[in-house]
Amino acid sequence: MSSEELSIEEKESNFKRTIKTFVLRQGRMTDAQKSNFEELSKIYCVPFKEEYIDFEKLFGNKNPVTVEIGFGMGHATQIIAMQNPENNYLGLEVHMPGVGRLLGEIQHNSIRNLRIVQHDAVEVLEKMIAPESVSAFHVFFPDPWPKKKHHKRRFMQRPRTNLLAGKLVKGGYIYMATDWAQYGDFALEELTATETMKNKYQGFAPHQEWRPRTKFEQKGIDAGRDIKEIFFEKQ
């Protein structure tokens, strides 16, 4: 079968399967991060499997669920979850140091509304997140893949934005922040072209005061880079 004969769904599936949006840079784990990972991952991490997560069973309640894609070291993730106990949070990340750190914070601060899946976010979205089951997606400072030949690896583009939209409940939102202006322009165009999603603002969004600024973000600001924020809602 030629590529012209494939259905839209098959083309989207092939696109998502063959192009990775990340490079696995494990980095050095501290002893504390290693210990956290070894002791706590079995408690607070959800193993990857081709089965939809039962959020009510996982969290023990029916509260709205926010999924954060690529939480890095988890600083903002931790703060947002602690400040919003009425919501549940699922963090997706592949890098072990960040997972190890956040696991320690979950344990130390008794954060009951936060869990982690350590796996490729696209596969988690496809296989583990049921349609219309998520209230929000947070995508803070994803890899900008600045080289033109790598633009296809950028997470925030169609058909991945269509995948996100399909997992959102009506009225749910996608909130992205980046310190790479070109990626901000690119993502704004892709989300604008995504069916069912509508920009809450005219162009870029103002800073959402409830989102904490991290050291990583401050480095970008100190380097003179503008922070671009995008906020789209499902109609």
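Each remark here, short or long, concerns the structure printed above.
Definitions and cut-offs
- Residues numbered from 1 in each chain as written.
- Predicted model: local features only at pLDDT ≥ 70, side-chain atom pairs only at ≥ 80, totals over all residues.
- Heavy atoms only, no water.
- Helix = DSSP H or I, 4+ residues; strand = E, 2+ residues; numbered from the N terminus.
- Buried < 20%, exposed > 50% of the residue type's maximum accessible area, 1.4 Å probe, protein only.
- Pairing = 2+ DSSP bridges.
- Axes fitted to C-alpha atoms, helices over the stretch in contact; angles between N-to-C directions.
- Contact = heavy atoms within 4.5 Å.
- Phe/Tyr/Trp six-rings, centres within 6.5 Å; stacked < 30°, edge-to-face > 60°.

Student: Looking at this model, I keep getting lost on unusual backbone geometry. Mind explaining?
Tutor: Most peptide bonds adopt trans geometry, and most residues besides glycine take a negative phi value. That bond from Arg-158 to Pro-159 is cis: its omega, 5 degrees, falls within 30 degrees of zero. Looking at the element boundaries, Pro-159 is found in the loop between β4 (134-140) and α7 (160-167). Not every positive phi belongs to a glycine, and Ser-110 is a case in point at roughly 50 degrees. Along the chain, Ser-110 turns up in the loop between α5 (96-108) and β3 (114-117). Among the residues examined, Ser-110 registers a relative accessible area of 52% and is labelled exposed.

Student: Any chance you could explain the sheet that holds strand β1 (residues 65-69) here in plain terms?
Tutor: Pairing between sheet strands relies on hydrogen bonds along the backbone, with the strands arranged either parallel or antiparallel. As summarised here, the arrangement of the seven strands in space is β3-β2-β1-β4-β5-β7-β6, forming an open sheet in which the pairing is mixed. Where the open sheet ends on each side, the last strands, each with one partner, are β3 and β6 (197-199). Averaged over all pairs of adjacent strands, the angle between their axes in this sheet comes to 20 degrees, without regard to strand direction. Here three bridges tie β6 to strand β7 (residues 228-234), and the two strands are oriented antiparallel to one another. Across the sheet, residue Lys-198 finds its bridge partner in β7, namely Glu-233. Packing of α7 onto the sheet brings it into contact with β1, β4, β5 (168-178), β6 and β7, and relative to β5 it is tilted by some 140 degrees.

Student: How do you make sense of the packing of aromatic side chains when you look at a structure like this?
Tutor: We describe a pair of aromatic rings using the distance from one ring centre to the other and the angle between the two ring planes. The final tally for this structure, using the stated rule, is eight aromatic pairs. Between Tyr-183 and Phe-186 the ring centres are 6.3 Å apart and the planes differ by 50 degrees, which places this aromatic pair in the tilted class. Taken together, the positions of Tyr-183 and Phe-186, both in helix α8 (residues 181-192) and three residues apart, correspond to about one turn of that helix. Like Phe-186, Tyr-183 is buried. Through pairs of rings, three or more aromatic residues link up here, namely Phe-140, Tyr-173, Tyr-175, Tyr-201, Trp-210 and Phe-231.

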